[in-house]
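For reference, the chains in residue letters:
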Amino acid sequence: MRGLIKISLLIAVAVLLIGCSKSPSDGTNYSDGGPEVAPDSSPAIKDRLALEAGLKKIVYHVGPVDIPRGLKSEDMLEKPLIMTFQTDEPVWLVGFSPRVVDANGSKLPSELLHSAIMSNLHEENPLCSDAGGGNPFAAATSMLTEIELPQGYGYPILSTDPLEARVVLQNGSSESYVDVYFELTMLVKPMSEMTKLKDVKPMLIEIDPCTHEAADVAPGKFVEFNATYEVPDDANLIVAHGLLESYGSTVELVARDEATPFWSADANLDEEHRIVSLEGDPFEDSQGVFFKEGDAITMDISYDNSSDEWLDGVTAAAMVYLAVQE
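Along every chain, residues carry numbers that run from 1 in the direction the sequence is written. Per-residue local features are limited, in this predicted model, to residues with pLDDT of at least 70; the limit for side-chain atom pairs, both in listing and counting, is 80 or more; totals at the level of whole chains, interfaces and linings are taken over all residues. Processing note: side-chain calculations cover all non-hydrogen atoms of the structure and skip hydrogens and water entirely.

Let us now look at the overall build of the chain. Secondary structure elements are defined from DSSP: runs of H or I of at least 4 residues count as helices, runs of E of at least 2 residues count as strands, and each element is numbered from the N terminus. If you tally the helices and strands in the chain, you get two helices and 21 strands. Burial classes follow relative accessibility: with a 1.4 Å probe on protein chains only, a residue under 20% of its type's maximum area counts as buried, one over 50% as exposed, and anything between as partly exposed. Relative to its 326 residues, the chain shows a buried fraction of 52%. Expressed as a percentage of contacts within the chain between residues at least 6 apart in sequence, the contacts between residues at least 24 apart total 81%. Calculation of accessible area relied on Shrake-Rupley with a 1.4 Å probe; when residues are assessed, cover is drawn exclusively from the protein chains displayed. Accessible surface, the chain: about 14,800 Å² in total, of which carbon and sulfur atoms supply 46%. Throughout, a contact is declared for two residues whenever any of their heavy atoms are within 4.5 Å.

If you want it as structure tokens, here you go:
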């Protein structure tokens, strides 16, 4: 990072309307002199844009920051990159796609991302109402999981809502990177009298929802992390995805006091035990799993640390989206 960790913030917003066609060089940048970035949209977002008229793609960038080789996530966990932003108009969030890119918009290794949490500061976290840090509505780890809500559902965001991105990067490779950005592409539908979607409430289930504190795993240990909370409203859980990292093993969600999880996903790891994907992730069901107000939901996540070193600051969480019963 040119000697020290250099952190600066850039907001680049690219809005593509249906029917418009723009190449990466046509991106709109509202930053103060930063590089222009408008990378290709993901296949999932392109498909959704083609299927449903009236959608917009909004791209936000957090950065740039230089990432030296050997940077550990715990070095940034206490001082994450933080960016606050707002949408230009009231919108329904119907999907999002995370990436890690350079100043030209080219994709960088996903392993550079430890975690990213996007929160609405105007909402209370239903799992920690006294925290004052807002309610997380999107999250990502190095798996860079894309999320699309089922047709007809959306998370409402007002133009007056202050949004916050908290991003932690890392670099276990032997190569240093310059001008790294975390990129969040939000797929939204503008609110209007003609646009009435079913309201979705996000809930980030984690060990400590008040501080988003990460966990540690001792060398050679298999560890299970559990967290149980009450669902705040009558709702159907329609989407969920796991947030695990290297040496992650499984993620499960259990409804009420049932013996069998309604969703379970096993991690696929590469030869270096880095997580590549979760089988069956994300969980998606347009009908959903029904919860009454006050019903318990339990997250079970396991890590199998076969190395001889501590795993410091690992993420163990699940992001769920609840369709509230009217």
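Let us look at the sheet that holds strand β19 (residues 296-304). A pair of strands is treated as paired once DSSP finds two or more bridges between them. Taken together, five strands build an open sheet; the order of strands is β13-β19-β15-β16-β17 and the sheet is antiparallel. Taken across any chain shown, the strands that pair with only one partner, and hence form the sheet edges, are β13 (222-230) and β17 (275-278). Looking at each pair of strands side by side, their axes are set apart by 15 degrees on average, direction ignored. Here strand β15 (residues 248-255) pairs with strand β16 (residues 263-269) via four bridges, running antiparallel. Bridged to T250 within β16 is D266. Here an axis means a line fitted to C-alpha atoms, over the contact stretch when the element is a helix, while the angle between two N-to-C directions is reported on a 0 to 180 degree scale.

Spatially, four strands are ordered β3-β9-β5-β6 in an open sheet, and the strand pairing comes out antiparallel. Strands at the two margins of the open sheet, each flanked by one partner only, are β3 (81-85) and β6 (135-140). Each neighbouring strand pair of the sheet contributes to a mean axis angle of 20 degrees, computed without reference to strand direction. Pairing of β3 with strand β9 (residues 163-169), which is carried by five bridges, proceeds in the antiparallel orientation. For I82, the partnering residue across the bridge sits in β9 and is R166.

Once that is clear, we can look at the pairing of β16. Sheet topology note: the β16/β17 ladder contains three bridges and is antiparallel. Bridging across to β17, A267 finds its partner in L278. Connecting β16 to the antiparallel partner β17 that follows it, the hairpin turn spans five residues, and H273 within it adopts a positive phi of roughly 65 degrees.

Time to look at the packing of aromatic side chains. Two aromatic rings, drawn from Phe, Tyr or Trp (for Trp, its six-membered ring), form a pair once their centres lie within 6.5 Å of each other, and the interplanar angle then sorts them: stacked below 30 degrees, edge-to-face above 60, tilted otherwise. Applying the stated criterion across every chain yields a total of six aromatic pairs. A ring pair is formed by F262 and F283, whose centres lie 5.7 Å apart and whose planes are at 70 degrees; its orientation type is edge-to-face. Of this pair, F262 sits in the loop between β15 and β16 while F283 sits in strand β18 (residues 283-291), placing them 21 residues apart in sequence. Taking 6.2 Å as the distance between ring centres and 70 degrees as the angle between the ring planes, the aromatic pair formed by F262 and F291 counts as edge-to-face. With F262 in the loop between β15 and β16 and F291 in strand β18, the pair connects residues that are 29 residues apart, well separated along the chain. Here, a charge over a ring means that NZ of Lys or CZ of Arg falls within 6 Å of the ring centre while also lying within 35 degrees of the ring normal. Residue placement shows R256 over the ring face of F291; its charged tip is 5.4 Å from the ring centre.

Let us look at the state of the cysteines. Throughout this description, disulfide means a covalent bond between two cysteine sulfur atoms. The criterion for a disulfide is a pair of cysteine sulfur atoms lying within 2.5 Å. According to the stated counting rule, one finds one disulfide in the structure shown. Two residues, C128 and C210, share a disulfide whose sulfurs are 1.7 Å apart. Its S-S torsion of approximately 110 degrees makes the covalent link between C128 and C210 right-handed. On the criterion of sequence distance, the pair formed by C128 in the loop between β5 (113-120) and β6 and C210 in the loop between β11 (198-206) and β12 (215-217) is long-range, its members being 82 residues apart.

What follows deals with the environment of S176. Looking at the element boundaries, S176 is found in the loop between β9 and β10 (177-190). It is 7.8 Å that separates the C-alpha atoms of S176 and D66, two residues lying 110 residues apart in sequence. Nitrogen and oxygen atoms within 3.5 Å of one another constitute a polar contact, given that in protein one can donate a hydrogen and the other can accept it, and given that sequence-neighbouring residues count only through two side-chain atoms. Within the structure, the side chain of S176 is placed 3.0 Å from the backbone nitrogen of R69, a separation counted as a polar contact.

Soluble globular proteins tend to pack their nonpolar side chains together in the buried interior. By nonpolar core we mean a set of buried residues, namely Ala, Val, Leu, Ile, Met, Phe, Trp, Tyr and Cys, connected to one another through side-chain atoms within 4.5 Å. In this structure, L113, L169 and Y321 are the most contacted members of the largest nonpolar core, which totals 50 residues. By residue number, the principal contributor to this core is β10, which donates six residues. Contacts of L169, omitting those with residues within four sequence positions, involve V65, I67, L71, S73, M76, L81, L112, L113, H114 and V180. Residues L127, V231, A265 and I275 belong to the second largest nonpolar core, which totals 36 residues.

Interpretation in functional terms is not warranted from these geometric data alone.
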